[in-house]
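So you can see what is in the structure, the chains are spelled out below.
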Amino acid sequence: LRAQISNALHGASLVEQVENRAFLIQTAAEVSRVASSILDPGKLIRQVVELIRERFDLYYAGLFLVDQTDVLADLVQWAYLQAGTGEAGRKMRRRKHKLQVGGNSMIGQCIATGKSRIALDVGKEAVRFSNPLLPDTHSELALPLISRGEAIGALTIQSDREAAFTEEDIAIFE
């Protein structure tokens, strides 16, 4: 009887995981569909960031782009926040929030390497910018924005739950 109960619980857990993945994929497709209908780049960025935060039930989402004048002048490169959700996002935009490419932040490292990064517990992360405007962040996923083989920016998505992201989430968000 114990074995049957254990098998039933395991089966129910697997069904729940499959349903959750299907929901995430369907939501990603919906975000893509909405994004493809917007022509204004500024509006597109703001809408996509808000849709991602809302549809995936996240604590925060933000999008950074590298300042191309820094790249052309061969100076220290900075990624500037172009869109961020909630009051924290509005405050950071007003302050022209930026992170150094390759610097001591997940976004900076993500852009420098062109690779996604996951922090399951941000308190234990060696390379991360601790933002006082986002005190409840426990997990973070940074995804590079690639154009013509170059990282031109990154998307940060943050959760108020520990271990909120998996390697599979990278594929869904990409």
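Rules of the game
- Residues numbered from 1 in each chain as written.
- Predicted model: local features only at pLDDT ≥ 70, side-chain atom pairs only at ≥ 80, totals over all residues.
- Heavy atoms only, no water.
- Helix = DSSP H or I, 4+ residues; strand = E, 2+ residues; numbered from the N terminus.
- Buried < 20%, exposed > 50% of the residue type's maximum accessible area, 1.4 Å probe, protein only.
- Salt bridge = Lys/Arg side-chain N within 4 Å of Asp/Glu carboxyl O.
- Pairing = 2+ DSSP bridges.
- Axes fitted to C-alpha atoms, helices over the stretch in contact; angles between N-to-C directions.
- Contact = heavy atoms within 4.5 Å.
- Expected span 1.5 Å × (residues − 1).
- Arc of directions from axis to C-beta.
- Phe/Tyr/Trp six-rings, centres within 6.5 Å; stacked < 30°, edge-to-face > 60°.
- Lys NZ or Arg CZ within 6 Å of the ring centre and 35° of its normal.

**Q** Tell me what's going on with the overall build of the protein chain, and back it up with residues and numbers.
**A** Along the backbone of the protein chain there are six helices and six strands. Listing the helices and strands of the protein chain from first to last along the sequence gives α-α-β-α-β-α-β-α-β-β-β-α. Projected onto its principal axes, the C-alpha coordinates of the protein chain cover approximately 70 × 40 × 35 Å. The buried share of the protein chain, reckoned over its 174 residues, is 36%.

**Q** Describe in detail the pattern of salt bridges, supporting the description with residues and values.
**A** In the structure shown here, the tally under the stated rule is six salt bridges. Among the ionic pairs, Glu54 bridges to Arg55, the shortest N-O distance being 2.6 Å. A relative accessible area of 43% means that Glu54 is categorised as partly exposed. A relative accessible area of 26% places Arg55 in the partly exposed class. When the shortest N-O distance is used, the salt bridge between Glu125 and Arg117 registers 2.9 Å. Counted as one network, the salt bridges with shared partners bring together Glu87, Arg90 and Arg94.

**Q** Explain the sheet that holds strand 3 (residues 98–100) to me, using residue names and the numbers behind them.
**A** In space, the six strands of this open sheet follow the order 3-2-1-6-5-4, with antiparallel pairing throughout. The outermost strands of the open sheet, each flanked by one partner alone, are strand 3 and strand 4 (117–119). Looking at each pair of strands side by side, their axes are set apart by 25° on average, direction ignored. Across the sheet, helix 4 (residues 86–94) lies against strand 1 (60–66) and strand 2 (78–84), angled at about 135° from strand 2, the strand it touches most. In the packing of helix 5 (residues 106–113) onto the sheet, contacts are made with strand 1, strand 2, strand 3, strand 4, strand 5 (139–147) and strand 6 (150–159), and the angle to strand 6 comes to roughly 145°.

**Q** Explain helix 2 (residues 41–55) to me, and be specific about the residues and the numbers.
**A** Between its terminal C-alpha atoms helix 2 stretches 21 Å, which fits the 21 Å expected from 15 residues at 1.5 Å a residue. Within the span of helix 2, buried status applies to Ile45, Val48, Val49, Leu51 and Ile52. Buried residues along helix 2 cover an arc of 165° about the axis, so they all sit on one side. The positive-phi residue at the C-terminal boundary of helix 2 is Asp57, with phi of around 55°.

**Q** Can you explain unusual backbone geometry? Please cite residues and give values.
**A** Despite not being glycine, Asp57 shows a phi value in the positive range, around 55°. Within the secondary structure, Asp57 is located in the loop between helix 2 and strand 1. Residue classification places Asp57 among the exposed residues on the basis of a relative accessible area of 58%. Positive phi outside glycine occurs at Ala163, with the angle close to 55°. Looking at the element boundaries, Ala163 is found in the loop between strand 6 and helix 6 (167–173).

**Q** Give me the lowdown on the packing of aromatic side chains, citing residues and values where you can.
**A** Under the defined criterion, the tally for this structure stands at one aromatic pair. Ring geometry for Phe56 against Phe173: centres 4.6 Å apart, planes inclined by 55°, an arrangement best described as tilted. In this pair, Phe56 is assigned in the loop between helix 2 and strand 1 and Phe173 in helix 6, connecting sequence segments 117 residues apart. Stacked on the ring of Trp78, the Lys or Arg Lys98 has its end atom at 4.3 Å from the ring centre.

**Q** Residue-level account of helix 5, with values.
**A** Turning to helix 5, its buried residues number three or more, namely Met106, Ile107, Gly108, Cys110 and Ile111. On its buried face, helix 5 is in contact with strand 1, strand 2, strand 3, strand 4, strand 5 and strand 6. A positive backbone phi angle near 75° is found at Gly114, which sits one or two residues after helix 5.

Coordinates in, geometry out; function isn't part of it.
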